[in-house]
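# Fold and geometry: a report
Spelled out from the first residue to the last, the chains are:
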Amino acid sequence: MSNKEKATKISWLTLAFMAFSTVWGFGNITNGFVYFNGPQVIFSWIFMFVLYFIPYALMVGELGSAFKNEGGGVSSWLHQTTNAKLAYYAGWTYWACHITYIASKGSGFLKALSWAIFRNAETYDSFPTRYIQLATFCILLLGCYIASLGLNPLKKLLTAAGTCTFVMSLLYIVMMFAAPAINPTAEYVHANLSFSSLIPNFNVTYFTSLSILVFAVGGCEKISPYVNKVENPSKGFPRGMITLAVMVVTCAILGTLAMSRMFDPAVINASAESFNAYVANSSYWAFQKLGQYYHVGDLFMIIYALCNVISQLAVLILSIDAPLRMLLDNEHTKQFIPQALHKVNAHGVHSNGIKMVAVLSGSIILAQSFVPGAAAVLRQLTKLNSVCMPMRYLWVFAAYIALRNAYDTIPAEYRFVKNQAVAKFFGGWCFARNHYRAKARAALPPPVAAPVVKPEQKIPVQAAVPKTAAIQKQQAKDTPVQEKQGTPDRVTISKADMHKLVQSARVELSNSK
């Protein structure tokens, strides 16, 4: 193997950090905490990990092990287990649903950069929408340029992003647990962590909102086009997926426990303005408040924001490159795709495909700034995208079920489980769960608010900035003991309102990844 080939190979640990940056963000911890009544989300996380995420990640590991030499990811998996036409549909679905996602991804980059520079949410909200959209378009062009340079820059950026996200999550957890001992005079929330207090109310609202957590842990198959770039892929790829699962579970559970000492669900749910503000900004507030505990001002928040800038850019580039590889890297689906799109540059990248993404996603960005009624068009695109996003996971589980049906003819060095019945049960369960999500999303009403292009503008942030110690003490005088301890009753809302909350959560979670 030449030095150039060695440089492009991916170790299993690098793969784990690359996957971690695509699946997880610190915002997943804060959003889960906000939407599921604080510490009660721990039960929901465990439920979701056991019945969905861990089996899902390990199924992807098994598929990668079985098709270690394939470069088309999910598309190649479908071709090897079914036929070329279904493989094309899978690749096209995965690529198409990322067009509107890519168009909105730059706003997360700009928001993180604004927090790093101005240290508040109000400054970003005050910028004219047109300027924000033009800046987003420039970020898209930057992402397309870096994507055109090949795997090496992408590998380095994703590894840096995953490492930063994981390290910052562990930093928050360790320092938050240590804070009461180091600074005992600061204000902390005394959450009730008894078993009975962690059990949520099992009703329609609860099971509807679970899709927020399903969306939060999706996306590990996005790195499937790079299976054949992994060192010893039949063992290295599944090992990376196992490591990813351990990292995500650790950050979610311990991160929630640490956050329960900082944020009080009673304050979060005090009003709609407070709730919306925490949804939009709580990840930055968490590190800002951590800095106050340690008397270093906004230092931790600035570091987190800069890490988030790297993460947002890395995921944008991956979202440009990986879906294109799924669509175009499968040799057996070329008959369905225009020949011009298969042009490859010196770095092994589909250059015309990247230009097509720049035109399509860039048109959406610019239309929001200059075309009257573009917001209404985008709402329809967003709704279409919300239906397509779960569909991309359906192809993964369809490929897995087909793989297990060919257990004796398609070997794999790694198996999620050896028992065929158990494997097919989890494959069918995950397929059914995502099919339900796709149908539920299609039934959701379109967003009511006007400019979807910049949802942060609709949130009156100042109304819910974390309270100073003096305000918290004054509030405590009039707060019942149960509320002070952070165990308020869940807020009862209508089904229509839950639909709106679920939609806004998906927007925030997609921005946090």
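Residues numbered from 1 in each chain as written. Predicted model: local features only at pLDDT ≥ 70, side-chain atom pairs only at ≥ 80, totals over all residues. Heavy atoms only, no water.

### A closer look at the overall build of the protein chain
Using the following cut-off: Numbering of helices and strands runs from the N terminus, with a helix taken as a DSSP run of H or I at least four residues long and a strand as a DSSP run of E at least two residues long. With a 1.4 Å probe rolled over the protein chains alone, any residue whose accessible area is under 20% of its type maximum counts as buried; one over 50% counts as exposed, and the rest are partly exposed. Here a residue-residue contact requires only that any non-hydrogen atoms of the pair lie within 4.5 Å. Here the accessible surface of atoms and residues is derived via Shrake-Rupley with a 1.4 Å probe, and residues count as covered only by protein chains that are part of the display.
When you go through the protein chain residue by residue, the secondary structure sums to 22 helices and 0 strands. The 513 residues of the protein chain split such that 58% are buried. Look at the contacts in the protein chain between residues 6 or more apart in sequence, and 85% of them connect residues 24 or more apart. Of the accessible surface of the protein chain, which amounts to about 20200 Å², a share of 64% is contributed by carbon and sulfur atoms.

### Focus: the nonpolar core
For the record, the criterion: Among buried residues, those of type Ala, Val, Leu, Ile, Met, Phe, Trp, Tyr and Cys that are joined through side-chain atoms within 4.5 Å constitute a nonpolar core.
By size, the foremost hydrophobic cluster in this structure holds 147 residues, and its most contacted members are W45, Y52, F53, Y172 and L290. If one sorts the elements of this core by residue count, helix α16 (residues 299-328) sits on top with 18 residues. Excluding its chain neighbours within four sequence positions, the residues that come into contact with F53 are V23, M48, V217, L244, A245 and V248.

### Some details on the pattern of salt bridges
The criterion, for reference: Each reported salt bridge corresponds to a side-chain nitrogen of Lys or Arg within 4 Å of a carboxyl oxygen of Asp or Glu.
Using the criterion set out here, one finds 5 salt bridges in the structure. E62 is paired through a salt bridge with R404; the nearest N and O atoms lie 3.0 Å apart. Taken as a pair, E62 in helix α4 (residues 41-66) and R404 in helix α18 (residues 374-405) lie far apart in primary sequence, 342 residues in all. Assessed through its relative accessible area of 0%, E62 is described here as buried. Relative accessible area serves as the criterion here: at 0%, R404 is assigned to the buried category. A salt bridge links D329 to R325; the nearest nitrogen and oxygen atoms lie 3.7 Å apart. R325 gets classed as buried once you look at its relative accessible area, which sits at 6%.

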